[in-house]
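Listed below are the residues making up each chain.
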Amino acid sequence: MNKADDEGVPGGRGQPADGKPPSKLSAPSFAPGWSKVSCPCCASERVEPLVLVKLGQKVNPETKRWLIKLIRAPQKEGGAGLLAHPGEDTTGNIIVLSAPRCTLLRATEELGLCKIYRNGDMEAFAYDDRDNFKDSDNMEVFLTSAERQYIIKYELDGLRAQRDLRIPGMLDNCTLQRRDNIWQKLGAAGVIVDTFPLHNPGKLKDLSETWYAGSQLAQPLDKVNEYFGSSMAFYFSFLDFYTWSLLPPAILGIFIAYFSREVQREMLQSVSGSQAGEVQDDPEPLISGHMLQAVFSMIWSTVFMEMWKRRRASLSYRWGTLNLAERFAEPRPGFHGDLGVNPVTGRVEPLFPEWKRDLRMALVSVPVVGLFLGLVVLGMMCFYWAEARVQQLHKDWDSMISKALLYTPSVLHIVYTNMLATVYRTVATSLTEYENHREESAYENHLTGKILVFTFFNNFAVLFHIAFFKQDVPLLRKRLASLLIITQLVNQVTEVVIPFLVDRFISAPNRAENIDDPEEDKFRNQGTLPPFPGLFAEYIELLVQFGYLSLFSCVFPLTAILLLLNNITEIRSDAYKVCKLFRKPFYPPVASMGVWQVAFEVLSFVSVVSNCWLLLLSPRVQELSQEAEMTGSNLLMGAVVVEHVLILIKVIMAALIPDEPDWIRKKMEQMEYTSMQALRQQKLNAQES
């Protein structure tokens, strides 16, 4: 690299011309160390370190200087247009990144984010109209911390090689082909080991005190959105909304368990493992607790989802993600294929035939998923075999030990299903990578689809089999109680307790730091934390909970109160886990929970069929049908009619409750009108010029 290039690289060779060491990371943007900015509007008195890039141990200074130059180069020259700091010097293994104002504002428009206009309304941001947006001259106010950090990742992932070249300082076989994804190639070559957003200790402490460290019940969702992004904020908003929505079914469940003699009798029967006597000899009411719980669960699930949609719309408007742009997606970093011309965009990029992807899914993915579903069935058969054995053992012994053994098959099967789910999640990720999807959205949808199919089968197959085929309500009740108690305990231990112990006794001593330690060392310490595993497992847990409640709670009315108590602690434990036990994750701006919302709505509709069938098995319904001398076929026909009526009621309720508040709908129409006017004005200006 020649002298001119060295002078153009942030920090040169680690020593500025006056021989002094590079400036600290909080230095002005025009000082040595941080990249120089050519745009006057991007000059700032302070540069905020946002992202850390960790390099491989064998990366030499020449490669690091080339990488810094690539990162700081303008976008029109094939660079990322970011600010870079080499750390202590160019021989170190880190690069600290930030972003200038113009890069942040252009990416804000590309992502389709909405910001506050000068009139106080939310408007889709436009770079050419940037001066009319409130606080557009102060990036720390205009964009959230999570948005600024994601934009850096967005620019790095978009780096494409402009021509064939060899990576400086590396072996001759370390080359980049034209249109290669540079960041992915550098990762594969071992140049880049990790890229992660940096915590801001002051903001994190403030968030922790208002989130999980205090006694408050309300969650600081706006602060969560500011620090962790809308994806994380939507999860915690949904968890909060779902938790407090459990209050009505929890109160009803306690009421039914206390006053319904039928429910009391069945719960005693499930606990004792034998037939229990009548609690009282008074005649049963016409409407039993099972009927009330079943109908309420179906209505509650519908109202809950519709009210959540309204809350989601309000939050996405407030957080500026209601009108995200749907641009033609770039190939995701993991996509590979033969270089060719994209027939839609005309760009040179990797191409992969659709028929090859379909063949891989048909010959590899589908059989492997089927194999795991077969393992679920195998586990279910073993559960039934063990259940029959312990029932016979209890019948022969009739002791406290045999009574305790009645729950052993359920506990072992729950452990088996959890272990199988963990293994399957890894296999599903590998299968989806092998399918080689071009767009990130397609990759996520196929991965989520695989996980959802297995999750539904793994968690509900036994319950449906017990209810629909064995028609054994006491066994169903016992199984559901075991799932609610054991699964929640297992989740809390694996998600919080074990990571806390590992962090407290293994990781924390190795990253002890003093207040006088260099900032670079503090940043490196953040890299010793494990990566955040994502929200996939958290949504799966909530989906399974929602399924237990909406599908089967009529046979165990205390389902809601158990879930409520678990989720009150879950909110704080999840918040603690995110803030303390893992690195800060990258999350893109989102307008909703995505495909998870669809999954919850599907379960809401399935709950109608499940509850109607369980009502047929209710002792009170059986008694009423015998008194009315109804045949089995007539009773089944009646259940089908009731099912269709309830589905119609759900559809009508969903239609009567708008998905968006009226004021949100009007705001969206105003934004659409404003965008049309701006486009028309652009066309007129183009014609005049």
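Quick caveat, the model's predicted, so the values are computed rather than measured.

(A) Looking closely at the overall build of the protein. Of regular secondary structure, the protein possesses 24 helices and 10 strands. A burial count over the protein gives 49% of its 689 residues as buried. Contacts spanning at least 24 positions in sequence make up 72% of the contacts within the protein whose residues lie at least 6 apart. If you sum the accessible surface of the protein, you get close to 32,800 Å²; carbon and sulfur atoms cover 61% of it.

(B) Highlighting the environment of Leu322. Within the fold, Leu322 resides in the loop between α12 (289-318) and β9 (338-341). With a relative accessible area of 14%, Leu322 lands in the buried category. Apart from residues no more than four positions distant in its own chain, Leu322 is found in contact with Ala313, Ser316, Tyr317, Ile664 and Met668.

(C) Spotlight on the sheet that holds strand β1 (residues 51-55). The strand order across the open sheet built from four strands is β2-β3-β1-β8, with neighbouring strands paired in antiparallel fashion. Each of the sheet's edge strands pairs with one partner strand only, and the pair in question is β2 (83-85) and β8 (192-197). Strand-to-strand twist in this sheet, taken as the mean axis angle between neighbours without regard to direction, amounts to 20°. Sheet analysis places β1 next to strand β3 (residues 94-98), joined by four bridges and oriented antiparallel. Within the sheet, the bridge partner assigned to Leu52 lies in β3 and is Val96. Together, β1, β2, β3 and β8 form the strand contacts of helix α2 (residues 61-72), whose direction differs from that of β3 by roughly 10°. The sheet strands contacting helix α5 (residues 145-157) are β1, β3 and β8, and the helix crosses β3 at an angle near 115°.

(D) Main features of the side chain of Ser230. By the element assignment, Ser230 lies in helix α9 (residues 230-245). Overall, Ser230 belongs to the buried group, its relative accessible area being 4%. In this structure, Ser230 is in contact with Asn225, Trp319, Thr321, Pro588, Pro589 and Val590, ignoring residues within four places of it in sequence.

(E) Region of interest: the pattern of salt bridges. Throughout the structure, instances matching the rule amount to 21 salt bridges. One salt bridge connects Arg318 with Asp222, and the closest N-O pair in it is separated by 3.1 Å. On the criterion of sequence distance, the pair formed by Arg318 in helix α12 and Asp222 in helix α8 (residues 221-228) is long-range, its members being 96 residues apart. The partly exposed category is assigned to Asp222, whose relative accessible area is 40%. The structure contains a network of salt bridges with shared partners spanning Glu306, Lys309, Glu601 and Asp659.

(F) A look at the environment of Lys64. Within the fold, Lys64 resides in helix α2. Residue classification places Lys64 among the buried residues on the basis of a relative accessible area of 1%. Taking the C-alpha atoms as reference points, Lys64 and Val191, 127 residues apart in sequence, are found 8.8 Å from one another. Not counting residues up to four positions away in its chain, the partners in contact with Lys64 are Leu55, Val59, Pro86, Asp89, Thr90, Gly92, Asn93, Ile94 and Ile95.

(G) How the structure looks around the nonpolar core. One finds Trp211, Phe228, Met232, Phe236, Tyr242 and Phe552 to be the most contacted residues of the largest nonpolar core, which totals 98 residues. Excluding anything up to four places from it in sequence, Phe236 contacts Trp211, Gln219, Leu221, Ile571, Asp574, Ala575 and Val578.

(H) Molecular detail of a nonpolar patch on the surface. On the surface, a nonpolar cluster with roughly 580 Å² of combined accessible area is contributed by Val493, Val497, Ile498, Phe500, Leu501, Val502 and Phe505. Secondary-structure assignment places Leu501 in helix α17 (residues 473-507).

(I) The arrangement of the packing of α9 against helix α10 (residues 247-259) in detail. Contact pair α9 / α10: the axes reach a minimum separation of 5 Å and the direction vectors enclose 25°. Compared by their axis directions, α9 and α10 come out roughly parallel. Residues Thr243, Trp244 and Ser245 of α9 form the contact with α10, whose own contacting residues are Leu247, Pro248 and Pro249. Tallied by class, residues from the contact of α9 with α10 come to four nonpolar, two polar and no charged.

(J) Looking closely at α9. When the terminal C-alpha atoms of α9 are compared, their 22 Å separation across 16 residues agrees well with the 22 Å that a helix rising 1.5 Å per residue should span. Within α9, 15 of the 16 residues are buried, leaving the element largely enclosed by the surrounding structure.

(K) Quick peek at the packing of aromatic side chains. A full pass over the atoms with the stated rule returns 38 aromatic pairs. Seen in terms of ring centroids, Phe460 and Tyr548 are 5.7 Å apart; in terms of plane orientation they differ by 85°. Their pairing is edge-to-face. Of this pair, Phe460 sits in helix α16 (residues 440-470) while Tyr548 sits in helix α19 (residues 536-552); the two residues are 88 residues apart in sequence, bridging distant segments of the chain. A relative accessible area of 2% means that Phe460 is categorised as buried. Under the relative-accessibility criterion, Tyr548 is labelled buried at 1%. With centroids separated by 5.3 Å and ring planes inclined at 65°, the aromatic side chains of Phe464 and Phe468 adopt a geometry described as edge-to-face. You can see Phe464 and its partner Phe468 sitting in helix α16, four residues apart, about one turn around the helix. Three or more aromatic residues joined by ring pairs make a cluster, and in this case those are Trp211, Tyr227, Phe228, Tyr235, Phe236, Phe536, Tyr539 and Trp596. Lying across the ring of Phe605, Lys650 places its NZ or CZ 5.6 Å from the centre.

Here is what the cut-offs are and how they apply
- Residues numbered from 1 in each chain as written.
- Predicted model: local features only at pLDDT ≥ 70, side-chain atom pairs only at ≥ 80, totals over all residues.
- Heavy atoms only, no water.
- Helix = DSSP H or I, 4+ residues; strand = E, 2+ residues; numbered from the N terminus.
- Buried < 20%, exposed > 50% of the residue type's maximum accessible area, 1.4 Å probe, protein only.
- Contact = heavy atoms within 4.5 Å.
- Areas by Shrake-Rupley, 256 points an atom, 1.4 Å probe, with all protein chains shown as cover.
- Pairing = 2+ DSSP bridges.
- Axes fitted to C-alpha atoms, helices over the stretch in contact; angles between N-to-C directions.
- Salt bridge = Lys/Arg side-chain N within 4 Å of Asp/Glu carboxyl O.
- Core = buried A, V, L, I, M, F, W, Y, C linked by side-chain atoms within 4.5 Å.
- Patch = residues over 30% accessible without salt bridge, like charges linked within 9 Å, V, L, I, M, F, W, Y side chains within 5 Å.
- Parallel < 35°, antiparallel > 145°, perpendicular 65-115°, else oblique.
- Nonpolar A, V, L, I, M, F, W, Y, C, P; charged D, E, K, R; others polar.
- Expected span 1.5 Å × (residues − 1).
- Phe/Tyr/Trp six-rings, centres within 6.5 Å; stacked < 30°, edge-to-face > 60°.
- Lys NZ or Arg CZ within 6 Å of the ring centre and 35° of its normal.

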